[in-house]
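Architecture and fold: a report
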Amino acid sequence: LSLSLDELRALPQTTVEAVLQCSGNGRALLQPRVPGVQWQRGAVGNAKWRGVRLRDVLAKVLPGKDARWLHLAGADAPILPTTPKFLRAIDLDKARHPDTLIALEMNGAPLPALHGAPARLVVPGWVADDWMKWLTDIELSATEPDAFFYKTAYRFPTQKVEPGAAVPPEQMGPMTAMNVKSIIGSHDVGQSIARGKTEIVGVAWSGGNGVTAVEVSFDGGASFRAARLEGPATPYGFRVFRAPWDAAPGKHRIGARATDKTGAAQPEQPAWNPSGYLFNAIEWIELEVHA
């Protein structure tokens, strides 16, 4: 089946608000250090995506009973001839979820080129590796792909490992859903501020489970108090939180802890892994308050 952009636009359209996050966001915060782009807190964003449900496209080809996986390819090519082409896959159940889209718009405007125009996959709640940009080809298959960026790269341990340990390939699997996480955005690490009333502001999200609570600690984790959440809970989108603070002079260690509707909360320690993926531990920032 081949569909033009006009044919995609002619199908029923729907909108989903969803966070897009690189699975390596927070990698630089892991100890011991792991190789890769040393993301701290910036490889994440939130948008309203509009397009056609992937399941409506799949209904036109009637997948056979053996079909279990969708192999995904985009228009971009490797810069170097020795670099493998970027290929990914999602399972048929996620592909048929009503919120999985072939997106044509972002935040009410045509999809920008840097975000995958003219069409990209939107897989709400899942890591960005599966959100194929510049989408050109979808292949139904009974098996997972035997491609570098699926079989070798972007893998996560299937069981807990000790920090610094080597993990055999057979104990690694593809990542899917993001975990619950929050980021303080109003203040920077090491920032100096004046004493008095201020506000800690940030965002929190989860992999399809929504955020029901955020707590903020102003004393390095000795105690936490509830922050105020803005707006309704959405399954996949950012939830803004605010916590007022009467800042006294001195050094302060501040962190936020989010909880989703399943009861999952951010841990104090991250799940270390050799590629630095899915960091969601409480992120601490140290502030100095001057008189």
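All residue numbers refer to positions counted from 1 along the written sequence of the respective chain. Owing to the predicted nature of the model, reporting of local features is limited to residues with pLDDT of at least 70; listing and counting of side-chain atom pairs is limited to 80 or more, with chain, interface and lining totals taken over all residues. Only hydrogens and water are set aside when side-chain values are computed; all heavy atoms of the structure are taken into account.

1. Observations concerning the overall build of the protein
Note the following rule: For the purposes of this entry, the term helix denotes a DSSP run of H or I that reaches at least four residues, the term strand denotes a run of E that reaches at least two, and both are numbered from the N terminus. Remark: exposure states derive from per-residue accessible area (1.4 Å probe, protein chains only) relative to the maximum for the residue type, with buried under 20%, exposed over 50%, and partly exposed in between. The Shrake-Rupley method, run with a 1.4 Å probe, gives the accessible areas here. Residue values count only the displayed protein chains as cover.
Scanning the protein from terminus to terminus reveals four helices and 19 strands. The principal-axis extents of the C-alpha atoms in the protein amount to approximately 65 × 45 × 35 Å. When the 291 residues of the protein are sorted by exposure, 43% land in the buried category. Summed over all atoms, the accessible surface of the protein reaches about 14,400 Å², with 53% contributed by carbon and sulfur.

2. Some thoughts on the side chain of T100
Spelled out, the test is: Contact criterion: two residues are considered in contact whenever any of their non-hydrogen atoms come within 4.5 Å of each other.
Locating T100 in the fold gives a position in the loop between α3 (92-95) and β5 (101-106). Discounting residues that sit within four places of it in the chain, T100 has contacts with V52, R53, L54, K94, A95, V122 and P124.

3. Observations regarding the sheet that holds strand β3 (residues 69-74)
The condition is simple: Any two strands with at least two DSSP-identified bridges between them are counted as paired. Angles shown run from 0 to 180 degrees and are taken between the N-to-C directions of axes, each axis being a line fitted to C-alpha atoms and, for helices, limited to the stretch in contact.
A sheet is described by the order of its strands in space; here three strands give the open sequence β4-β3-β8, paired in antiparallel fashion. At either margin of the open sheet sits one strand with a lone partner, and together these are β4 (87-91) and β8 (135-141). Across the sheet, the mean angle from the axis of one strand to that of its neighbour is 25°, orientation sign disregarded. Summarising the sheet, β3 and β4 pair through five bridges and their orientation is antiparallel.

4. With respect to a nonpolar patch on the surface
Basically, it comes down to this: Patches in this entry comprise residues that are over 30% relatively accessible and not in a salt bridge; like charges within 9 Å are linked, as are nonpolar side chains (Val, Leu, Ile, Met, Phe, Trp, Tyr) within 5 Å. In the sections that follow, a salt bridge refers to a side-chain nitrogen of Lys or Arg positioned within 4 Å of a carboxyl oxygen of Asp or Glu.
Together, L1, V61 and L140 make up an exposed nonpolar region whose accessible area comes to about 260 Å². Position of L140 relative to the elements: it lies in strand β8. A residue is classified by how much of its surface remains accessible, and L140, at 31% relative accessible area, is partly exposed.

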